[in-house]
Amino acid sequence: GQNIDQPTEMTATEGAIVQINCTYQTSGFNGLFWYQQHAGEAPTFLSYNVLDGLEEKGRFSSFLSRSKGYSYLLLKELQMKDSASYLCAVKNTGGFKTIFGAGTRLFVKA
Amino acid sequence: GAGVSQSPSNKVTEKGKDVELRCDPISGHTALYWYRQSLGQGLEFLIYFQGNSAPDKSGLPSDRFSAERTGGSVSTLTIQRTQQEDSAVYLCASSLGLAGETQYFGPGTRLLVL
């Protein structure tokens, strides 16, 4: 079967660093995405990893280990506006089907 | 337009009625996706189009659901004989296709079946 696991909720303090983990078991792998979704809004693209390693983009970084079926999203210098759901998604091999996890709701407190 | 648009933004219907949801992808995007998101849940893949053809319909929940795309652009998702469990936000996304990976999402259609 196909499964993507990520924590349901996390809480962190403004200015801090938070790491959101994602593990996956899917039929084939052709890249892993992280999306941000504010309540009542559509998801917006954050990052895409297809090779192992760390991709850094401003305050956000994403890491991938294909052998471990594991990724994390690292958010630095947290701001209140970072309070949102963060969705981990895996694209299957040979097609465009993308499997989404249930998302991690991040609460940033002052 | 500049982004993916969907209509209607909200739809309330009675159980048993048919509904049609529309998606206008970003111009030039060959790949188009439909997802369903129930309250507090992740995205559930429904169907994807490459051009006008749908190589993967595996996510459609039942034969009451169908989708088409014409002219490599606009897509419609039709739900026949709606049921209360069909209530959800239906999201459409598009991407460049083979040349690109990022999916750009529309604002969604919030469907409520009474």
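Refer to the preceding data block for the structure.
What comes next concerns the included structure. (Residues numbered from 1 in each chain as written. Chains lettered and ligands numbered in written order. Predicted model: local features only at pLDDT ≥ 70, side-chain atom pairs only at ≥ 80, totals over all residues. Heavy atoms only, no water.)

### Quick look at the pattern of salt bridges
Residues and elements named next belong to chain A. Note the threshold: A pair is scored as a salt bridge if a Lys or Arg side-chain nitrogen falls within 4 Å of a carboxyl oxygen belonging to Asp or Glu. The secondary structure listing takes helices from DSSP runs of H or I that are at least 4 residues long and strands from runs of E that are at least 2 residues long, numbered from the N terminus. For the exposure calls, accessible area comes from a 1.4 Å probe over protein chains only, and a residue counts as buried if that area is under 20% of its type's maximum, exposed if over 50%, partly exposed in between.
By the definition in use, this model includes eight salt bridges over all chains. A salt bridge links E56 to K76; the shortest N-O distance between them is 3.6 Å. Taken together, the residues E56 in strand β6 (residues 53–57) and K76 in the loop between β8 (70–75) and β9 (84–91) connect sequence positions 20 residues apart. Judged by relative accessible area, which is 57%, E56 ranks as exposed.

### Some remarks on the nonpolar core
What counts is decided by this rule: What we call a nonpolar core is a set of buried Ala, Val, Leu, Ile, Met, Phe, Trp, Tyr and Cys residues that are connected through their side-chain atoms within 4.5 Å. By definition in these notes, contact holds between two residues if any of their heavy atoms fall within 4.5 Å.
In this structure, I4, L32, W34, L75, L78, Y86 and L106 of chain A are the most contacted members of the largest nonpolar core, which totals 21 residues. Mapped onto this core, the elements with two or more residues apiece are β3 (18–25), β4 (32–37), β7 (60–65), β8, β9 and β11 (104–109) of chain A. Look past the residues within four positions of L78 of chain A in its chain and what remains in contact with it is A12, T13, E14, G15, A16, V18, R59, L106 and V108 of chain A. Counting 19 residues, the second largest nonpolar core, distinct from the first, contains V19, I26, L46 and F49 of chain B.

### Remarks on the state of the cysteines
All names here are of chain A. This is how the line gets drawn: By disulfide we mean two sulfur atoms from cysteines, separated by a distance within 2.5 Å.
Applying the stated criterion to the full structure yields two disulfides over all chains. A sulfur-sulfur separation of 2.0 Å characterises the disulfide bridge that pairs C22 with C88. Measuring handedness by torsion sign, the sulfur bridge of C22 and C88 sits at about -70 degrees and is left-handed. Of the two residues, C22 sits in strand β3 while C88 sits in strand β9, which places them 66 residues apart along the sequence. Taking relative accessible area as the criterion, C22 reaches 0% and is therefore assigned buried.

### Notes on the interface of chain A and chain B
What counts, and what does not: Whenever two N or O atoms come within 3.5 Å, that pair is a polar contact, provided that in protein one can donate a hydrogen and the other can accept it, and provided that, for residues adjacent in sequence, both atoms are side-chain atoms. Three classes are used: nonpolar for Ala, Val, Leu, Ile, Met, Phe, Trp, Tyr, Cys and Pro, charged for Asp, Glu, Lys and Arg, and polar for all others, with Gly counted as polar.
Contacts between chain A and chain B engage 17 residues on the former and 21 residues on the latter. Across the chain A-chain B interface, the total number found is zero salt bridges. Summed over the shared surface of chain A and chain B, the number is four residue pairs in polar contact (both at pLDDT 80 or more). The set of elements that each furnish at least two residues to the side of chain A that touches chain B consists of β4, β5 (44–49), β9 and β10 (98–100) of chain A. The element that contributes the greatest number of residues to the side of chain A that touches chain B is β4 of chain A, accounting for three residues. A per-class count over the side of chain A that touches chain B returns ten nonpolar, four polar and three charged.

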